[in-house]
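Here are the chains, one letter per residue:
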Amino acid sequence: MKATAADILIDTIYDWGVEVVFGLPGDGINGIMEALRKRADRIRFIQVRHEEAAAFMACAYAKYTGKLGVCLATSGPGGIHLLNGLYDAKLDGQPVLAITGLQYHDLIHTHSQQDVELDKLFIDVATYNTRIMGPNHVENVADLACRTALGYRCVSHLTMPVDIQDLEIDRHHSARNVAHYTSDVFARGARTPPEIEVLRAADVLNAGKHIAILAGRGALDAGDALEQIAEILGAPVIKALLGRAVVPDDSPYTTGTIGLLGTRPSQVAMEECDTLLMVGTSFPYIEFLPRPGQARAVQIELDPMRIGLRYAVEVGLVADSRKALEVLIPHLKRNKNRRFLEDAQKGMVDWRELMEERAGRMDKPMKPQVVASELGKRLSNTAIVSADSGTIATWWARHIPVKRGQMHSLSGNLASMANGLCYAIAAQIAYPDRQCIAFVGDGGFSMLMAEFATCVKYQLPVKVFVIKNNTLGMIKWEQMVFLGNPEFGCDLHPIDFAAFAHACGGVGLTVEDPQDCGRVIEQALNTPGPVLVEAVVDPFEPPMPPKVTLKQATKFAESLMRGQPNREKIIATVLRDKVRQIV
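Rules behind the numbers
Residues numbered from 1 in each chain as written. Predicted model: local features only at pLDDT ≥ 70, side-chain atom pairs only at ≥ 80, totals over all residues. Heavy atoms only, no water. Helix = DSSP H or I, 4+ residues; strand = E, 2+ residues; numbered from the N terminus. Rg over C-alpha atoms; globule rule 2.2 N^0.38 Å. Buried < 20%, exposed > 50% of the residue type's maximum accessible area, 1.4 Å probe, protein only. Contact = heavy atoms within 4.5 Å. Expected span 1.5 Å × (residues − 1). Pairing = 2+ DSSP bridges. Axes fitted to C-alpha atoms, helices over the stretch in contact; angles between N-to-C directions. Phe/Tyr/Trp six-rings, centres within 6.5 Å; stacked < 30°, edge-to-face > 60°. pLDDT = per-residue confidence, 0-100. Parallel < 35°, antiparallel > 145°, perpendicular 65-115°, else oblique. Left-handed = near helix turned anticlockwise from the far one by under 90°. Core = buried A, V, L, I, M, F, W, Y, C linked by side-chain atoms within 4.5 Å. Patch = residues over 30% accessible without salt bridge, like charges linked within 9 Å, V, L, I, M, F, W, Y side chains within 5 Å. Areas by Shrake-Rupley, 256 points an atom, 1.4 Å probe, with all protein chains shown as cover. Salt bridge = Lys/Arg side-chain N within 4 Å of Asp/Glu carboxyl O.

Enquirer: Would you mind showing me how to read the overall build of the protein here?
Expert: For the protein, the helix and strand inventory stands at 23 helices and 18 strands. Against the 2.2 N^0.38 benchmark of 25 Å for 583 residues, the protein shows a C-alpha radius of gyration of 25 Å, consistent with a compact globule. Taking the principal axes of its C-alpha atoms as reference, the protein extends roughly 80 × 60 × 45 Å. Residues classed as buried in the protein amount to 58% of the 583 residues present. Taking contacts inside the protein between residues at least 6 apart in sequence as the whole, the part at least 24 apart equals 75%.

Enquirer: Explanation requested: helix α21 (residues 514-526) in the structure shown.
Expert: Every α-helical turn comprises 3.6 residues, leaving residues that sit three or four positions apart pointing alike. In this model, α21 (13 residues) spans 19 Å end to end at C-alpha, consistent with the 18 Å of a helix rising 1.5 Å per residue. Inspection of α21 places Pro 514, Cys 517, Gly 518, Val 520, Ile 521, Ala 524 and Leu 525 among the buried residues, and these make up the whole buried set.

Enquirer: Sorry, what's going on with the pairing of strand β6 (residues 155-161) here?
Expert: A regular strand places its side chains so that they alternate between the two faces of the sheet. Within β6, 7 of the 7 residues are buried, leaving the element largely enclosed by the surrounding structure. Residue alternation in β6 divides its side chains into two sets, Val 155, His 157, Thr 159 and Pro 161 and Ser 156, Leu 158 and Met 160, and both sets are buried. For strand β4 (residues 96-102) and β6, the ladder comprises 7 bridges, and the chain directions are parallel. From the neighbouring strand, Thr 100 faces β6, where its bridge partner is Thr 159. Of the strand pairs in this sheet, strand β5 (residues 128-131) and β6 are connected by 4 bridges, and their pairing is parallel. Following the sheet pairing, Thr 130 is matched in β6 by Leu 158.

Enquirer: Just to check I follow, could you spell out the sheet that holds strand β9 (residues 254-257) for this structure?
Expert: Backbone hydrogen bonds are what pair the strands of a sheet, in a parallel or an antiparallel way. If you trace the 6 strands from one edge of the open sheet to the other, you get β9-β8-β7-β10-β11-β12, paired in parallel fashion. The two strands at the open ends of the sheet, each matched to only one other strand, are β9 and β12 (315-318). Looking at each pair of strands side by side, their axes are set apart by 15° on average, direction ignored. Bridge count for strand β8 (residues 237-239) against β9 is 3 bridges, and the pairing is parallel. Counted as the bridge partner of Ile 238 is Gly 256 from β9. Packed on one face of the sheet, helix α9 (residues 195-207) meets β7 (211-215), β10 (275-279), β11 (296-301) and β12 and runs near 135° to β12. The strands touched by helix α13 (residues 339-359) are β7 and β9; relative to β9, the strand with the most contacts, the crossing angle is about 55°.

Enquirer: Quick question: what am I supposed to make of the packing of aromatic side chains here?
Expert: Think of a pair of aromatic rings as described by two things: how far the centres are apart, and how the planes are tilted against each other in angle. For the structure shown, the criterion picks out 7 aromatic pairs. Measuring from centroid to centroid gives 6.5 Å for Phe 56 and Tyr 423, while their planes differ by 65°, and the two rings are edge-to-face. On the criterion of sequence distance, the pair formed by Phe 56 in helix α3 (residues 51-65) and Tyr 423 in helix α16 (residues 419-430) is long-range, its members being 367 residues apart. One exposure class covers both Phe 56 and Tyr 423, and it is buried.

Enquirer: Even after reading the chapter, I still don't get the side chain of Thr 4, so can you show me in this structure?
Expert: Position of Thr 4 relative to the elements: it lies in the segment before α1 (5-15). In this structure Thr 4 comes out as buried when scored by relative accessible area, which is 11%. With residues up to four places along the chain from it excluded, the contact list for Thr 4 reads Gln 165, Asp 166, Leu 167 and Glu 168.

Enquirer: Sorry, what's going on with the environment of Gly 151 here?
Expert: With respect to the helices, strands and loops of the structure, Gly 151 is situated in helix α7 (residues 138-152). As for Gly 151 and Tyr 61, which are separated by 90 residues in sequence, their C-alpha atoms are 16 Å apart.

Enquirer: Looking at this structure, how should I read unusual backbone geometry?
Expert: In most cases, non-glycine residues show a negative phi, while peptide bonds are predominantly trans. Pro 365 follows Lys 364 through a cis peptide bond whose omega is 0°. Within the element layout of this structure, Pro 365 appears in the loop between α13 and α14 (368-378). Positive phi values are uncommon outside glycine, yet Asn 470 reaches one of about 55°. With respect to the helices, strands and loops of the structure, Asn 470 is situated in the loop between β16 (463-468) and α19 (473-481).

Enquirer: Sorry, what's going on with the confidence of the model for the protein here?
Expert: Should the pLDDT be low somewhere, the predicted coordinates at that spot are not to be read in detail. For the protein, the mean per-residue pLDDT works out to 92, and 90% of the residues sit at or above 70. Across residues 578-583 the pLDDT falls below 50, and counting only partners more than four positions away or on other chains, this stretch makes 8 contacts in the model.

Enquirer: Honestly, the packing of α3 against helix α5 (residues 83-91) in this entry has me stumped. Any pointers?
Expert: How two helices sit against one another is set out by the angle between their axes and by the gap between those axes. In the contact formed by α3 and α5, the axes pass within 6 Å of each other and the chain directions differ by 20°. Regarding the angle of α3 to α5, the classification is roughly parallel. As for how α3 packs across α5, the hand of that crossing is right-handed. Taking contact as the criterion, the partners of Glu 52, Ala 55, Phe 56 and Cys 59 in α3 are, on α5, Asn 84, Gly 85, Leu 86, Asp 88 and Ala 89.

Enquirer: Would you mind showing me how to read the nonpolar core here?
Expert: Generally speaking, soluble globular proteins have nonpolar side chains that are buried together. Membership of the largest hydrophobic core comes to 60 residues, with the highest contact counts inside it found for Phe 22, Cys 71, Leu 82, Leu 86, Leu 421, Phe 445 and Val 464. With 11 residues, the top contributor of residues to this core is α3. Leu 82 has contacts with Glu 51, Ala 54, Ala 55, Cys 71, Ala 73, Ala 98, Thr 100 and Phe 122, leaving out every residue within four places of it along the chain. Ala 202, Ile 232, Ile 329 and Leu 341 belong to the second largest nonpolar core, which has 34 residues in total.

Enquirer: Would you mind going over a nonpolar patch on the surface with me for this structure?
Expert: Where nonpolar side chains cluster on the molecular surface, the patch consists of Leu 260, Phe 482 and Leu 483 and spans about 260 Å² of accessible area. Relative to the helices and strands, Leu 483 resides in the loop between α19 and α20 (497-504).

Enquirer: I tried to follow the sheet that holds β16 on my own but got confused; where do I start?
Expert: Taken in spatial order, the 6 strands of this open sheet run β14-β13-β15-β16-β18-β17, and their pairing is parallel. Of all strands in the sheet, those with a lone pairing partner are β14 (407-409) and β17 (507-511), marking the two edges. For this sheet, the mean inter-axis angle between neighbouring strands, taken without regard to orientation, is 15°. Where strand β13 (residues 384-387) meets strand β15 (residues 436-441), 4 bridges bridge the pair, whose relative direction is parallel.

Enquirer: Can you help me understand the pattern of salt bridges in this one?
Expert: Two side chains that carry opposite charge are able to pair once their charged atoms sit near each other. Taken as a whole and assessed by the stated rule, the structure comprises 30 salt bridges. A salt bridge links Asp 249 to Arg 244; the shortest N-O distance between them is 2.8 Å. For Asp 249, a relative accessible area of 15% translates into the label buried. Between Glu 374 and Arg 378 there is a salt bridge; the shortest N-O distance is 2.6 Å. Of this pair, Glu 374 and Arg 378 are both found in helix α14, 4 residues apart, which corresponds to roughly one turn of the helix. Salt bridges linked by common partners bring Asp 7, Asp 11, Lys 38, Arg 39 and Arg 42 together as one network.

In structure tokens, the structure reads:
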């Protein structure tokens, strides 16, 4: 029996190392599903409850493994649902292949059911994006799609009419389409910067006195070199969120994260540095970078388009971060001015004491910092922690310390809600023997909470920690602090998440008492299989910025004067936090 177009597609992606496909069946991809069924011993199909989750999982699989992530969706609405997760991959530079179905080839553009031309819809999100025209077309474009996604760390998309999926390969190909003229060999470039540029970069860095390092996702495998350079230059390592695991949080060289949910020492270092080394980062908030003209800058970046994207640099090294740092190190001179790093280290002592004080409060209602801190203390050295977007990211960034050997991530530049559980599922599938954690808010979790049933279906021992405050916390505080408006539309109807976990066939636990928090977390981590912990916390606990500006304070006061609900409780909580910080 001859191979079908769908058979060739699945065989080709398997040749590219694909072992897992995340998706949901549908009548627009029946041929592809049959090809996967026949190859179930080679490629694992993970059935999700929503196609958006499949795309998130493909993105996370790529983030945590470096391999090609693959998601599959049917024609029309199925393919449309993939878009959010695919934009997550696009904006965070992850290699993902999306495969979708199309209407019958001779009914496209005839107003038939699910007549959505997905290749046109995906034109912005996918770097490589094409419609398969026949069975002899499959191998050529599938090779290109995989090669493009891996080579450029981007999204590729292949869509195939449902009837073409079942067509058999024949010899009636075009004259220039010679069988097997493509290959599945992925060529890696040296990605080492030219020596003359390395010397120029060294001159800039050696001339600096107050040097800061900003590291992101692109530096995740360059931690040792970063710490070596930090010691030579007397430079604190400031971490963008996607680069949290670049160096552990107990490293003497790091001041933690930067931005609204960053640390005060990181912000002070940015405000006072005279030289900046950016490594593998496109940190998007320019207001937290040095003022234009304040600092001389060097940037190491794999994508030449991103050189100077956020800050005017004198030297740009287009290279792999680790290789660039390793060739840069021999040309650097020890900075005799150690005060800048020492001040940052002293600042971190004070900051950690403040964070420990906030996480040690035993008053009720329970503070979210307590949950994050108690969880962080109990995580294994190889844990993979996936956070969601919102105020939950603040508690993750500040109170769950990164240990050496751990992996941490979230939806970075897209900052999408609902990614946390999906990321954790993908991590658990990629690393079945590692502790995989979803640290999520009730707003984000409830968007795709049905994926907890996916954990149960495949008996994935994912541990889900839902911080429940019955509000869209980040939006509430943005309305108040940035706009001066009373919160509106942010309250959430309560859900019994522990009961939901039981209904799915998993284990559900609830904790409200901070005195009991550590015990419940310990119980969850030691319970086999998927477990959900519902942690009920104070809805009025603010995600305080590292430094409160006059504008923020003014807008906050305006929101209170204009009728902010529960303003008495909010005032009491904010003032208590601020007094503790000052004292």
